[in-house]
Amino acid sequence: RTTEDADGPRTMEISVQAAGADHDALVAKNWKKQWLANGREESGITADQMDKMLAYIKAARSDLCHQSFVAVSPSGVVVGSAACQLWSGPAPQFDGDKAGTVWGVFVEPEHRRRGVATRLMQAVIKHWTSIGCQRGVLLCASEEARRVYERLGFGPGHMLLLELQPSDAAAPAPSSVTLETAHGAEADAHVLRHLRAKHLEERAPGASRWAGEELPERAAAFVKGARERLEYAVCMARDATGAVVGCASSNVWEGPGSNNHSWQTLIKLGVVWGLHVDREQRERDAVAAALLEHVVARWRETGCTKGFVMAASDAEAALFRRAGFEAHNAMTIELGRAPSPTSPIDLLRGVAMRQRTCAAEAAAAAATAEAEADFVASLRASGAALAQQVP
């Protein structure tokens, strides 16, 4: 059934339901349908796509709060689906900055333009909020999908992409530094130092505790895994003394949807993260730009078709835009975040709220005690006045 208006059928009476593992195969099949509907060749999908995607969903359900949703018609037919979870990079993630992502949003052709995708996305956004996300991020697959997301409040943000084209050699680095690429664990200490410095420079006050305690462990674990399976390398800048004054880490995309090169062969995303140059370094911006060019050159050498970054600030986003990065099909939305019991920010807010509550209760108790004392005094005064009037 549909709801009619002046323009004809607009919305379909469906129910959107949370789906369990019994619908994982349907989600994976719908991703394939979406791939083909966007004009891509089936030959670009690997033979083991289904097995790899099912394994990915199973792991994401365990580790990333994965939740799939299905749109069901009044007759019980599934007419659409969407999968969502915590954004897991592809870079080290920390509890103080949670983002959700969505992929595989698909509606059967005969049921499109009836509000089904919107209903699915509303369920996705609600799930993101329930797991403590501050924002949602996605890579839209078509202009039709973009319009749906824009109506829900998505727009360009700090998630940026670079279309890789053959080009001339990278510009030389500033004379004050030399650049090198490292692949082994010998560079990890430099990566962690620069990542922590970058984190503290860009975060609000109060982040230093968990930046110091949580960041090294999570970053080290991510780098270890990326080195094993994601073509990880780090570009470093050394000054005249040999000291490492800047770093930029790079690996390939590992995540959901059409950009995971393990289940398709047409798109390979290179990712850059942790770009940082010491504040004391002269020509700081020029060194950062040279590190980025070095990373982009490596992407080309390793067969990447696009570059990707999640910029941490307006200033960093401007640096990447100057290098040719744009939002393209990347979209973000800011969310009204639900409290998370593990978030340091929420723990501090909880302490402050309890302190305010205790102060309010103490003030109320004091006001009550004062009112009671005034009442007793007024009774005594009234009693004394009456006693004087009795003959």
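Scoring rules and cut-offs
- Residues numbered from 1 in each chain as written.
- Predicted model: local features only at pLDDT ≥ 70, side-chain atom pairs only at ≥ 80, totals over all residues.
- Heavy atoms only, no water.
- Helix = DSSP H or I, 4+ residues; strand = E, 2+ residues; numbered from the N terminus.
- Expected span 1.5 Å × (residues − 1).
- Buried < 20%, exposed > 50% of the residue type's maximum accessible area, 1.4 Å probe, protein only.
- Core = buried A, V, L, I, M, F, W, Y, C linked by side-chain atoms within 4.5 Å.
- Contact = heavy atoms within 4.5 Å.
- Arc of directions from axis to C-beta.
- Salt bridge = Lys/Arg side-chain N within 4 Å of Asp/Glu carboxyl O.
- Axes fitted to C-alpha atoms, helices over the stretch in contact; angles between N-to-C directions.
- Parallel < 35°, antiparallel > 145°, perpendicular 65-115°, else oblique.
- Left-handed = near helix turned anticlockwise from the far one by under 90°.
- Pairing = 2+ DSSP bridges.

1. So, helix α8 (residues 284–301)
Consideration 1: For α8, which comprises 18 residues, the first-to-last C-alpha distance of 26 Å matches the rise-based estimate of 26 Å (1.5 Å per residue) to within 8%.
Consideration 2: Buried residues of α8: V287, A288, A290, L291, L292, V295, V296, R298 and W299, and no others.
Consideration 3: Looking one or two residues beyond α8, the residue adopting positive phi is G303, at roughly 85°.

2. Let's talk about the nonpolar core
Consideration 1: Ranked by size, the top nonpolar core spans 55 residues in total, and within it W273, W299 and F320 carry the most contacts.
Consideration 2: The biggest single contributor to this core is α8, with seven residues.
Consideration 3: Once residues within four sequence positions are removed from consideration, W299 is found in contact with L162, L164, S250, N251, G270, V271, V272, C304, G307, F308 and F325.
Consideration 4: Of all hydrophobic cores here, the second largest spans 42 residues; its members include A60, A82, I125 and Y149.

3. A closer look at helix α2 (residues 49–63)
Consideration 1: Here α2 spans 21 Å end to end across 15 residues, near enough to the 21 Å set by a 1.5 Å rise per residue.
Consideration 2: Among the residues of α2, those classed as buried are Q49, M53, Y56, I57 and A60. Looking straight down α2, one finds its buried side chains confined to an arc of 100°; they lie on one side. Exposed and oriented more than 90 degrees from the buried face of α2 are D51, K58 and S62.
Consideration 3: Along its buried surface, α2 packs onto α1 (24–37), β5 (78–86) and β6 (99–107).

4. Description of the pattern of salt bridges
Consideration 1: Counted according to the given criterion, the structure contains 16 salt bridges.
Consideration 2: Put simply, E228 and K224 hold a salt bridge, and the shortest N to O gap is 2.9 Å. Here E228 pairs with K224, and both are found in helix α7 (residues 215–229), just four residues apart, close to one helical turn.
Consideration 3: E228 sits in the exposed class, given a relative accessible area of 58%.
Consideration 4: Judged by its relative accessible area of 52%, K224 falls in the exposed class.
Consideration 5: In this structure, R229 engages E254 in a salt bridge whose closest nitrogen and oxygen atoms are separated by 2.7 Å. In this pair, R229 is assigned in helix α7 and E254 in the loop between β11 (244–252) and β12 (269–277), connecting sequence segments 25 residues apart.
Consideration 6: Residue E254 is classed as partly exposed on the basis of its relative accessible area, which comes to 30%.
Consideration 7: When salt bridges that share partners are traced, they join E201, R279 and R284 into one network.

5. Looking at the packing of α1 against α2
Consideration 1: Closest axis-to-axis distance for the α1/α2 pair is 10 Å, and the angle between their directions is 125°. By the angle between their axes, α1 is oblique relative to α2. Considering the relative orientation of α1 and α2, their crossing is right-handed. Between α1 and α2, the contacting residues are D24, A25, V27, A28, K29, W31 and K32 on the first element and Q49, M50, M53, L54, I57 and R61 on the second.

6. Thoughts on the sheet that holds strand β10 (residues 233–238)
Strand pairing in a sheet relies on backbone hydrogen bonds, with the paired strands running either antiparallel or parallel.
Consideration 1: In spatial order, the strands read β8-β13-β12-β11-β10-β9; together these six strands make up an open sheet with mixed pairing. On the outer flanks of this sheet lie β8 (159–163) and β9 (178–182), each paired with one strand and no other. Adjacent strand axes in the sheet meet at a mean angle of 25°, parallel and antiparallel pairs treated alike.
Consideration 2: Bridge analysis of β8 against strand β13 (residues 306–310) gives five bridges, and the strand direction is antiparallel. Bridged to L160 within β13 is V309.
Consideration 3: Relative to the sheet, helix α9 (residues 314–322) contacts β8, β12 and β13, its axis offset from that of β12 by approximately 125°.

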